[in-house]
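Examining the three-dimensional arrangement
One-letter residues, chain by chain:
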Amino acid sequence: MRTSPRRITVAVAAVAAAAAVAAPAQADAAVRYTSVLDGRAIVGTSLGTVPMLATSSGSATQQWIKTSVGGGFFTLRNVSSGRCLAGSSFLPFMTTCDATKQNQHWHRGFVGDKRLENRSSRTALTASGFRLQMRVLSGLQSQRWNELAA
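Report follows, based on the coordinates. (Residues numbered from 1 in each chain as written. Predicted model: local features only at pLDDT ≥ 70, side-chain atom pairs only at ≥ 80, totals over all residues. Heavy atoms only, no water.)

Considerations on the overall build of the protein chain
Here is the rule we go by: Secondary structure counts use DSSP, requiring at least four H or I residues in a row for a helix and at least two E residues in a row for a strand, with both numbered from the N terminus. In this description, accessible areas are obtained by the Shrake-Rupley approach with a 1.4 Å probe, and a residue is regarded as covered only by the protein chains that are shown.
In terms of helices and strands, the protein chain carries 1 helix and 12 strands. Its helices and strands in sequence order give the protein chain the pattern α-β-β-β-β-β-β-β-β-β-β-β-β, from N to C terminus. Per element, the accessible surface of the protein chain, about 8200 Å² overall, is 59% carbon and sulfur.

Written as structure tokens, this is what we have:
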């Protein structure tokens, strides 16, 4: 029995597609997010608390592991606490990491404007004094974040 090159190509493509679906998400290098307004960095906190802003120092509390979950979305796990950044309609918070939870999915702004948009709440991470809030997407500088290597 002779197997055609086309059948082999189709079979290899199917196996590759199945492996891609089953493969775990790939983590990027650690990053820091600093406010475009004043350079302060997002600081991870303990379980259930709201992350804060502080002078950028590069400490482990300011470092985030960015892991793709597909479709341009990613999770952010704090290097120090091991907790993930999640968003609600009003406040961001730290929680146990679970890549299946859409409130832990973030995007860098569909129009490339440096926002950190939450998939579930459809709001953007916003600097407000030393606190962080979730607000309706806008053109405000307080919603823009530089992504820097940790």
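Considerations on the pairing of strand 11 (residues 131-136)
Heads up, the condition is: For two strands to count as paired, DSSP must find a minimum of two bridges between them.
The pairing of strand 10 (residues 123-128) with strand 11 spans 6 bridges and is classified as antiparallel. When the bridges of strand 11 are listed, Ala124 appears paired with Arg135. Count of turn residues in the strand 10/strand 11 antiparallel hairpin: 2 residues, of which Gly129 carries a positive phi of about 70 degrees.

Some words on the nonpolar core
The test is simple: Here, nonpolar core means buried Ala, Val, Leu, Ile, Met, Phe, Trp, Tyr and Cys residues that are tied together by side-chain atoms lying within 4.5 Å of each other. Using a 1.4 Å probe on the protein chains alone, a residue whose accessible area is under 20% of its type maximum counts as buried, one over 50% counts as exposed, and one in between counts as partly exposed.
By size, the foremost hydrophobic cluster in this structure holds 16 residues, and its most contacted members are Tyr33, Ile42, Trp64, Trp106, Leu116, Leu125 and Trp145. Mapped by element, the contributors of at least two residues to this core are strand 1 (27-35), strand 5 (73-78), strand 10 and strand 11.

Some remarks on the state of the cysteines
Disulfides are covalent bonds that link the sulfur atoms of two cysteine residues. Filter applied, for reference: Two cysteine sulfurs form what is called a disulfide whenever their separation falls within 2.5 Å.
Applying the stated criterion across every chain, the model contains 1 disulfide. Two residues share a disulfide in this structure: Cys84 and Cys97, whose sulfurs sit 2.0 Å from each other. Sign of the S-S torsion, about 100 degrees for the bond between Cys84 and Cys97, identifies this disulfide as right-handed. Residue Cys84 is found in strand 6 (residues 84-87), and its partner Cys97 is found in the loop between strand 7 (92-95) and strand 8 (106-107); the two are separated by 13 residues along the sequence. Classification of Cys97 as partly exposed rests on a relative accessible area of 32%.

A few points about the environment of Val36
Note the cut-off: It only takes one pair of heavy atoms within 4.5 Å for two residues to be counted as in contact.
Note that Val36 resides in the loop between strand 1 and strand 2 (41-43). In sequence terms Val36 and Ser142 are 106 residues apart; their C-alpha atoms lie 7.2 Å from each other. Discounting residues that sit within four places of it in the chain, Val36 has contacts with Lys114, Gln141, Arg144, Trp145 and Asn146.

Focus: the pattern of salt bridges
This is how it is decided: For this analysis, a salt bridge means a side-chain nitrogen from Lys or Arg found within 4 Å of a carboxyl oxygen belonging to Asp or Glu.
Inspection of every chain in the model, using the stated rule, returns 5 salt bridges. For the salt bridge of Lys66 with Glu147, the shortest nitrogen-to-oxygen distance reads 3.1 Å. With Lys66 in strand 4 (residues 64-70) and Glu147 in strand 12 (residues 145-149), this pair connects stretches of sequence that are 81 residues apart. For Lys66, a relative accessible area of 13% translates into the label buried. Judged by relative accessible area, Glu147 falls into the partly exposed class, the value being 33%. Between Glu147 and Arg108 there is a salt bridge, and its shortest N-O distance comes to 3.9 Å. Highlighted residues: Glu147 in strand 12 and Arg108 in the loop between strand 8 and strand 9 (117-118), separated in sequence by 39 residues. Connected through shared salt-bridge partners, Lys66, Arg108 and Glu147 make up one network.

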